[in-house]
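Tertiary structure, described
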Amino acid sequence: MNTKLILKFLRDIAANNNREWFHEHKAEYDRAKKDFEQGVSDLILHLAKFDSEIAHLTAKDCCYRFYRDIRFSPDKSPYKRHFGAYICAKGKKALRGGYYIHLQPGNCFLATGSYWLPTNILTSCRNEIMANIDQWRSAVENGKFIKYFGYPGQSLMEDYTDEDKMSPKGFGITHLKKAPKDFPSDYEFLDYLKMKDYCCWHSVDEDFFEEDKWLDESVKMFKVAKPMMDFVNAVIDDYE
């Protein structure tokens, strides 16, 4: 993946986020988009070696639109400042957890898991964690998971915007300040019940994707997070 080409375009669009400039430089966008999609295709092939559920996906199934929905946003910039792709067996709009890569100047990261779960599914996840706490702790308290993603609530993504730099690592976008309704406030592992989503992320340097080994390094991180994702997906699958 030609990261320098992609990031140069993204820097340019951040400085010239208007339709006139974009139309004049459409060829540059097309080249950057094509290169990013090739990187996503390569990643799908590598991930499918240990997660066969995503083997049928193509880059077009996973890459998000570059055009922003500005209808309800105070920021009327028409274009995003990043390229992102969500590799999920049931599609990028599914509740089911998947693998996400994000390229943005000064703010590249990998993420895994499920975002913005509805209350009924979130409640079921909390009940499942309490009923199988040893399995859950084995997935998220081992040394490799903590090394890449940290602890719940250690870093929050809830104030993140498109122009912000992500924290180096994190586990959970948002967290309740107290125990969720109908759950015990004195539960020993309450931090896991206070989570409002079950996703984790790890920031990487811009040159991470320039190295030939970026695919292997990405797979290594995603494999560490997969047991957590599988645990939550088993609950989500009962609803989807």
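Provided above is the structure to which this section pertains.
Notes on the structure follow.

Definitions and cut-offs
- Residues numbered from 1 in each chain as written.
- Predicted model: local features only at pLDDT ≥ 70, side-chain atom pairs only at ≥ 80, totals over all residues.
- Heavy atoms only, no water.
- Helix = DSSP H or I, 4+ residues; strand = E, 2+ residues; numbered from the N terminus.
- Rg over C-alpha atoms; globule rule 2.2 N^0.38 Å.
- Buried < 20%, exposed > 50% of the residue type's maximum accessible area, 1.4 Å probe, protein only.
- Pairing = 2+ DSSP bridges.
- Axes fitted to C-alpha atoms, helices over the stretch in contact; angles between N-to-C directions.
- Contact = heavy atoms within 4.5 Å.

**Here we look at the overall build of the chain**
On a plain count of helices and strands, the chain comes out with 9 helices and 5 strands. Secondary structure elements of the chain, listed N to C terminal, follow the sequence α-α-α-α-β-β-β-α-α-α-β-α-β-α. The C-alpha radius of gyration computed for the chain amounts to 18 Å, which stays within 12% of the reference 18 Å derived for 240 residues, consistent with globular compactness. Burial status across the chain gives 51% buried among its 240 residues.

**Some points on the sheet that holds strand β1 (residues 83-87)**
Spatially, β1-β2-β3-β5-β4 is the arrangement adopted by the 5 strands of the open sheet, whose pairing is antiparallel. With one partner strand each, in any of the chains shown, β1 and β4 (169-171) form the two edges of the open sheet. Recorded for the sheet is a direction-independent mean angle of 10° between the axes of neighbouring strands. Examined bridge by bridge, strand β2 (residues 98-103) and strand β3 (residues 108-114) share 5 bridges and lie antiparallel to one another. Within β3, the residue paired with H102 across the bridge is F109. Contacts from helix α9 (residues 214-236) reach β2, β3, β4 and β5 (198-204) within the one sheet, and its direction differs from that of β3 by about 25°.

**A few points about the environment of V219**
In this fold, V219 is placed in helix α9. Every residue in contact with V219, bar those within four places of it in the chain, is listed here: H46, L47 and F50.

All we've got here are geometric facts, nothing functional implied.
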